[in-house]
Amino acid sequence: VCVCVCVCVCVCVCKLGSANEKNISAASQAAVDEVGALEAEAARQSHDLAQLRAEKQQIQMNVNVASQERAQMQHAARALSVDNASLHKAAQNLALKIQCVHAERLAFMSEGERYQTEARATEVDLDKLQVKLQGAKMIALSTLAAAGDNGY
């Protein structure tokens, strides 16, 4: 039975072979064309994949550079924070020194005003003493003149 089926199929295929030879040739050509198109598509996709891999590598390099820059900026920010704290403390110390100098200046000005007041009071006292001295001189001269008139 098996031999008959094979012989029968071969005979049928042979009879159909000449008619289908054109169809087979066309199908073969279509298959070759399809394979060529698939190979071209595979080549294009391979090229696109290579480009994407190159882009990925470039992006990864950029990420690495950005990470390094970020680390450097964080380090610089910490250093600036320390500097800022030092400057803030120095500014506070300077403000305290300015307050001390201002207080000393006010004290010196107050003392200077006190000295000026004392100097004015001393000048007034001196003027009074000069008036008294002048009066005493006049009395002394009058007394001498009177004594000279009286025979002394």
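Predicted model only: the values in this text are computed from it and were never measured. Positions within a chain are numbered from 1, following the residues in the order the chain's sequence is written. Under the rules for a predicted model, residues below a pLDDT of 70 receive no local features and side-chain atom pairs below 80 are neither given nor counted, while totals for whole chains, interfaces and linings still include all residues. Only hydrogens and water are set aside; all other atoms, that is, all heavy atoms of the structure, feed into the side-chain values.

## Focus on the overall build of the protein
Strands are runs of DSSP state E lasting at least 2 residues, helices are runs of H or I lasting at least 4, and numbering of each runs from the N terminus. Within the protein, the secondary structure is distributed over one helix and zero strands. Note on classification: 1.4 Å probe, protein chains only; a residue is buried when its accessible area is under 20% of the maximum for its type, exposed when over 50%, partly exposed between these limits. The buried share of the protein, taken over its 152 residues, is 1%. Split by element, the accessible area of the protein, about 13,500 Å² in all, is 65% carbon and sulfur. Residue burial considers only the protein chains on display, and all accessible areas are found by Shrake-Rupley using a 1.4 Å probe.

## Details of the confidence of the model for the protein
pLDDT is defined as a per-residue confidence score from the predictor, taking values between 0 and 100. Within the protein, residue pLDDT values average 86, and 84% of them lie at 70 or more. Note on contacts: a residue pair qualifies if any of its non-hydrogen atoms lie within 4.5 Å across the two residues. Scored below 50 in pLDDT, residues 1–13 shows zero contacts in the model against residues more than four places distant or in partner chains.

## Quick word on the pattern of salt bridges
In a structure, side chains of opposite charge can pair up when their charged atoms sit close to one another. What counts as a salt bridge is simple: a side-chain nitrogen of Lys or Arg found within 4 Å of a carboxyl oxygen of Asp or Glu. Taken as a whole, this structure holds three salt bridges when the rule is applied. Between Arg 44 and Glu 41 there is a salt bridge, with the nearest N and O atoms lying 2.3 Å from each other. In this pair, Arg 44 and Glu 41 both sit in helix α1 (residues 2–149), three residues apart, roughly one turn of the helix. Look at Arg 44 and you get partly exposed, because its relative accessible area is 41%. Classification of Glu 41 as partly exposed rests on a relative accessible area of 30%. Glu 118 serves as the salt-bridge partner of Arg 114, at 3.0 Å between the closest nitrogen and oxygen. Taken together, the positions of Arg 114 and Glu 118, both in helix α1 and four residues apart, correspond to about one turn of that helix. Residue classification places Arg 114 among the partly exposed residues on the basis of a relative accessible area of 41%. A residue is classified by how much of its surface remains accessible, and Glu 118, at 40% relative accessible area, is partly exposed. Taken together, the salt bridges that share partners define one network made up of Glu 41, Arg 44 and Asp 48.

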